[in-house]
Amino acid sequence: MIPRTIEELEEIRKECRALVNKRASASAAASIVPIPGMDVGADITIMMELLPTINEKFGLAPNQIEKLDATLKGKVIVVLTSMGSEFAGKVITKKMIGLLLKKAGKKIAVKQVSKFVPLVGQAVAAGISFGAMKYLGNSHVEECYQACKKMIEDQHVPVG
């Protein structure tokens, strides 16, 4: 269900940011293992779980939107489209995640190379992985937050 108040929206944002930090930490841990490609696979798996979870917490998962009455459903779609939403309200695919990770491509390339420098390289790889996942996750949280905030401000979300 789409949040009905700014207070409720703020609480969801806080929960989602904590979730992003946990998943970014898991990504960092996976990047320490010096097996080529393992961390990228872990990142894809993490994002395939994280983005839909964030959508769901904000009431913006495709199955949740589908259950809305026609008027509200249309308004949600208009808000998401007008914002140029990449992931909110959409079924997340591996291809979409691959494109997202390509945006962080240089960092991922540096991470891959740095993993082979003993100790320091692994720490650098973990830091890059944590930062990239945190940035990507929090960007999605903000996208969902802004969409819901617009719905609340425009009073498209029925109260009560």
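As the structure is a computational prediction, the values presented were derived from the model and not from experiment.

*Asks:* How should the overall build of the protein be read in this particular structure?
*Replies:* Tallying secondary structure elements over the protein gives seven helices and zero strands in all. Mapped in sequence order, the helices and strands of the protein form the string α-α-α-α-α-α-α. Expressed as a percentage of its 160 residues, the buried residues of the protein come to 42%. Relative to all contacts within the protein whose residues are 6 or more apart in sequence, the contacts with residues 24 or more apart total 79%.

*Asks:* Even after reading the chapter, I still don't get the packing of aromatic side chains, so can you show me in this structure?
*Replies:* Geometrically, a pair of aromatic rings is defined through the distance of the ring centres and the angle of the planes. As enumerated under the stated definition, the model contains zero aromatic pairs in all. For the cation-ring pair, R13 lies above Y145, with the distance from its terminal atom to the ring centre recorded as 3.6 Å.

*Asks:* Whenever I open this one, the nonpolar core confuses me. Can you help?
*Replies:* Considering soluble globular proteins, one finds that nonpolar side chains tend to be buried as a cluster. Ranked by internal contacts, the top residues of the largest apolar core, which has 34 residues, are M47, L51, I54, F58, L60, V76 and L80. If you list the elements that add at least two residues to this core, you get helix 1 (6–32), helix 2 (38–57), helix 4 (70–83), helix 5 (94–103) and helix 7 (120–153). With nine residues, helix 7 is the largest single contributor of residues to this core. Ignoring any residue separated from it by four or fewer positions in sequence, one finds V76 in contact with I2, L60, I65, L68 and M151.

*Asks:* Teacher, can you tell me more about the state of the cysteines here?
*Replies:* Among covalent bonds in proteins, the disulfide is the one between the sulfur atoms of two cysteines. This model, assessed by the stated rule, comprises zero disulfides. Unpaired in this structure, C16 has its nearest cysteine sulfur neighbour in C144, at a distance of 7.4 Å. Unpaired in this structure, C148 has its nearest cysteine sulfur neighbour in C144, at a distance of 6.7 Å. Assessed through its relative accessible area of 0%, C148 is described here as buried.

*Asks:* In this structure, what is going on with the side chain of H140? I would like to understand it.
*Replies:* For H140, the location among the structural elements is in helix 7. For H140, a relative accessible area of 3% puts it in the buried group. Side chain to side chain, H140 and N55 meet in a polar contact 2.8 Å long. Those residues within four positions of H140 in sequence are excluded, and the remaining contacts are L51, I54, N55, F87 and A88.

*Asks:* Where do I start with the pattern of salt bridges in this structure?
*Replies:* Opposite charge on two side chains makes pairing possible when the charged atoms of those side chains draw close. As enumerated under the stated definition, the model contains eight salt bridges in all. For R17, the salt bridge identified is with E142, shortest N-O distance 2.6 Å. A residue pair is termed long-range when its members are at least 10 positions apart, and R17 in helix 1 and E142 in helix 7 qualify at 125 residues. With relative accessibility at 36%, the residue R17 sits in the partly exposed group. The partner of K150 in a salt bridge is D154, and the shortest N-O contact between them spans 3.0 Å.

What counts as what
Numbering of residues starts from 1 in each chain and follows the order in which that chain's sequence is written. Only residues with pLDDT of at least 70 get local features here, since the model is predicted, and only at 80 or more are side-chain atom pairs given and counted; chain-wide, interface and lining totals rely on the full set of residues. Side-chain measures here rest on the full set of heavy atoms in the structure, leaving out hydrogens and waters. Helix and strand assignments follow DSSP, with helices taken as H or I runs no shorter than four residues and strands as E runs no shorter than two, numbered in order from the N terminus. Only protein chains enter the accessibility calculation, which uses a 1.4 Å probe; a residue whose area is less than 20% of its type maximum is buried, one above 50% is exposed, and one in between is partly exposed. Contacts are residue-level and defined by heavy atoms, with any inter-residue pair within 4.5 Å sufficient. Under the pairing criterion, centres of Phe, Tyr and Trp rings, with the six-membered ring standing for Trp, must be within 6.5 Å; the plane angle then separates stacked pairs below 30 degrees from edge-to-face pairs above 60, leaving the rest tilted. Counting as a charge over the ring demands two things of the Lys NZ or Arg CZ atom: a distance within 6 Å of the ring centre and an angle within 35 degrees of the ring normal. Nine residue types can take part in a nonpolar core, namely buried Ala, Val, Leu, Ile, Met, Phe, Trp, Tyr and Cys, and a core is a set of them joined through side-chain atoms within 4.5 Å. Defined by distance alone, a disulfide is two cysteine sulfur atoms within 2.5 Å. Each polar contact in these results corresponds to two N or O atoms within 3.5 Å; when the atoms are within protein, one needs to be able to donate a hydrogen and the other to accept it, and residues that are neighboring in sequence are counted only if both atoms are side-chain atoms. The working definition used for a salt bridge is a side-chain nitrogen of Lys or Arg within 4 Å of a carboxyl oxygen of Asp or Glu.

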